[in-house]
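Chain by chain, the residues run as shown.
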Amino acid sequence: MEIDISCSRPAQARKAVAFCCDDAYLPFATHAAAQIAQLHPQRDFDICIVSAKPVTLPASLAHLDLRLCNVDPDRYFSGFSTDRGRSTAMYLRLLLPAVFFEDYDKILYLDADVHVESGNLSALLEIDLGTHPVAAIRDNPQWRTPSRMPDDFNALGFENAGYFNSGVLLIDTHAWNGQGILDAALAFGKEHGSRLRRNDQTLLNCVLYKNWAEISPIWNWQYTPASRLHEAMVSANIVHFIGPSKPWNARPQTLPPRFGKALRRFCASHFPDRKIDIPDGPGPGTKLMTKMLLRHLVNRKKMARYLARFPDDYTVIT
């Protein structure tokens, strides 16, 4: 499929980390990109920001050497379900393997609402996915209960199976394009339209049903009250703020302040017109902390069984 895309510069490597965002999320995507650049001072992969409309980076971030690209998603995803306040730009990740087919063999897609703490992304981009077009991490409800039936599958008549979170995707572009994943996704989306309960995540899980490789949750640690204390023990590489609470909008005593502080420092230097509040973390005597402790205590054995499936950062379950 011919897809029109414009980029600020040519590709400089055969693999890439890519974010898809609009101008509102640009500070958050570039914050994560800066964290990646700091962890990989001699990186052998590109970092791309892909948007529906052109975005402008402040001159103070020129040293990151980001590749800025834009492509119009409305041409391909018109009529697909969206959330309030979000557009078809959420489906841009589905276009990455097609638009970058000649540039990159592997693409690591990341949502903008992540905090990159550690990890060798270059090594992750080299892992073998077998015949699968994508490697991903199970959605959080299936961590403790792998046999839990996803609502998306139930609603669309699929049998129970593994279900992944679409916020972190390791994509083999050749397998993706060779298996016609984009065409299948466009056909499925047009047929089911508003029945895509979780938008791009529903669509991807249905099109890649039982055709994806599973990797460790340390690459997409979905930050919930039932998982955040475990994160401190496993040292997750990428923390993903699923749900409405983000470091830039969380209610007081919801998220630990370290995330908000890091983002505020970054925005003060590079996006001074954007105000980022620091949420107060839940104290040891709050109801939220007590509730989290109880949930972690109840789920500790289930979490241990799940984590034991991944003896190292680069284990792939096919």
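Let us look at the structure shown here.

So, the overall build of the protein chain
Consideration 1: Looking only at helices and strands, the protein chain features twelve helices and twelve strands.
Consideration 2: On C-alpha atoms alone, the protein chain measures out to a radius of gyration of 19 Å, which is about the 20 Å that the 2.2 N^0.38 rule sets for 318 residues.
Consideration 3: Projected onto its principal axes, the C-alpha coordinates of the protein chain cover approximately 55 × 50 × 35 Å.
Consideration 4: Here the protein chain holds 318 residues, and 56% of them are scored as buried.
Consideration 5: Put simply, of all contacts in the protein chain between residues at least 6 apart along the chain, 76% involve residues at least 24 apart.
Consideration 6: For the protein chain, the separation between the mean place of its 36 positive charges and that of its 33 negative charges on side chains is 10 Å.

Re helix 11 (residues 257–270)
Consideration 1: Helix length check: helix 11, at 14 residues, gives a terminal C-alpha distance of 20 Å against a target of 20 Å (1.5 Å per residue), a fit within 8%.
Consideration 2: Restricting attention to buried positions, one finds in helix 11 the residues Phe-259, Gly-260, Ala-262, Leu-263, Phe-266, Cys-267 and His-270. In a view along the axis of helix 11, the buried residues occupy a sector of 160 degrees, so they form one face of it. Looking at helix 11, the residues exposed on the side facing more than 90 degrees away from the buried face are Arg-265, Ala-268 and Ser-269.
Consideration 3: Along its buried surface, helix 11 packs onto helix 1 (26–39), strand 6 (114–116) and strand 11 (238–240).

Observations regarding the nonpolar core
Consideration 1: Counting 56 residues, the largest nonpolar core has Val-17, Phe-19, Ile-36, Leu-108 and Leu-121 as its most contacted members.
Consideration 2: Looking at this core element by element, the count peaks at eight residues for helix 1.
Consideration 3: Grouped together as the second largest cluster of nonpolar side chains are 46 residues, Cys-48, Met-90, Val-134 and Trp-212 included.

Regarding the pattern of salt bridges
Consideration 1: A full pass over the atoms with the stated rule returns 17 salt bridges.
Consideration 2: A salt bridge links Arg-93 to Asp-111; its shortest N-O distance comes to 3.3 Å. With Arg-93 in the loop between helix 2 (74–77) and helix 3 (96–99) and Asp-111 in the loop between strand 5 (106–110) and strand 6, the pair connects residues that are 18 residues apart, well separated along the chain.
Consideration 3: Residue class for Asp-111 comes out buried when judged on its relative accessible area of 14%.
Consideration 4: Measuring nitrogen to oxygen at the nearest pair gives 2.5 Å for the salt bridge that ties Arg-258 to Glu-117. Placement of the pair is Arg-258 in helix 11 and Glu-117 in the loop between strand 6 and helix 4 (121–124), with a sequence separation of 141 residues.
Consideration 5: Using a relative accessible area of 38% as the deciding quantity, one classes Arg-258 as partly exposed.

Some points on the packing of helix 8 (residues 181–192) against helix 9 (residues 200–207)
Consideration 1: Running from amino to carboxyl end, helix 8 crosses helix 9 at an angle of 120 degrees, the nearest separation of the two axes being 10 Å. Taken together, the axes of helix 8 and helix 9 are oblique relative to one another. The hand of the helix 8/helix 9 crossing is right-handed. Along its contact with helix 8, which presents Ile-181, Ala-184, Ala-185, Phe-188 and Gly-189, the element helix 9 presents Leu-203, Cys-206 and Val-207.
Consideration 2: Residues of the contact of helix 8 with helix 9, tallied by class, amount to seven nonpolar, one polar and no charged.

Examining the pairing of strand 8 (residues 164–172)
Consideration 1: Counting buried positions over the nine residues of strand 8 gives nine, a clear majority of the element.
Consideration 2: In this structure, strand 7 (residues 134–138) lies alongside strand 8, joined through four bridges in antiparallel fashion. Looking at strand 8, one finds that Ala-135 is bridged to Leu-170.

Comments concerning the sheet that holds strand 2 (residues 15–20)
Consideration 1: Ordered by their spatial adjacency, nine strands build an open sheet running 1-4-3-2-5-8-7-9-12, and the pairing between neighbours is mixed. At either end of the open sheet lies a strand with only one pairing partner, and these are strand 1 (6–7) and strand 12 (316–317).
Consideration 2: Inspection of the sheet shows strand 1 paired to strand 4 (residues 67–70) by two bridges, in the antiparallel sense. Each bridged residue has a counterpart across the sheet, and for Cys-7 the counterpart in strand 4 is Cys-69.

A closer look at the state of the cysteines
Consideration 1: For the coordinates displayed, the defined rule picks out one disulfide.
Consideration 2: Here Cys-7 connects covalently by a disulfide to Cys-69, the sulfurs 2.5 Å from one another. Handedness of the Cys-7-Cys-69 disulfide follows from its S-S torsion of about 110 degrees: it is right-handed. Residue Cys-7 is located in strand 1, and its partner Cys-69 is located in strand 4; the two are separated by 62 residues in the primary sequence.
Consideration 3: Here Cys-48 stays unpaired: no disulfide links it, and the sulfur of Cys-69, its closest cysteine neighbor, is 5.3 Å away.

Considering the packing of helix 1 against helix 11
Consideration 1: Orientation of helix 1 relative to helix 11, taken along the N-to-C sense of each, is 105 degrees, at an axis distance of 10 Å. It follows that helix 1 is roughly perpendicular to helix 11 by the angle criterion. Contact residues: helix 1 offers Pro-27, Phe-28, Thr-30, His-31 and Ala-34, while helix 11 offers Ala-262, Leu-263, Phe-266 and Cys-267.
Consideration 2: In terms of residue class, the contact of helix 1 with helix 11 is made up of seven nonpolar, two polar and no charged.

Thresholds applied
- Residues numbered from 1 in each chain as written.
- Predicted model: local features only at pLDDT ≥ 70, side-chain atom pairs only at ≥ 80, totals over all residues.
- Heavy atoms only, no water.
- Helix = DSSP H or I, 4+ residues; strand = E, 2+ residues; numbered from the N terminus.
- Rg over C-alpha atoms; globule rule 2.2 N^0.38 Å.
- Buried < 20%, exposed > 50% of the residue type's maximum accessible area, 1.4 Å probe, protein only.
- Contact = heavy atoms within 4.5 Å.
- Lys, Arg positive; Asp, Glu negative; His and termini not counted.
- Charge placed at Lys NZ, Arg CZ, Asp CG, Glu CD.
- Expected span 1.5 Å × (residues − 1).
- Arc of directions from axis to C-beta.
- Core = buried A, V, L, I, M, F, W, Y, C linked by side-chain atoms within 4.5 Å.
- Salt bridge = Lys/Arg side-chain N within 4 Å of Asp/Glu carboxyl O.
- Axes fitted to C-alpha atoms, helices over the stretch in contact; angles between N-to-C directions.
- Parallel < 35°, antiparallel > 145°, perpendicular 65-115°, else oblique.
- Left-handed = near helix turned anticlockwise from the far one by under 90°.
- Nonpolar A, V, L, I, M, F, W, Y, C, P; charged D, E, K, R; others polar.
- Pairing = 2+ DSSP bridges.
- Disulfide = S-S within 2.5 Å.

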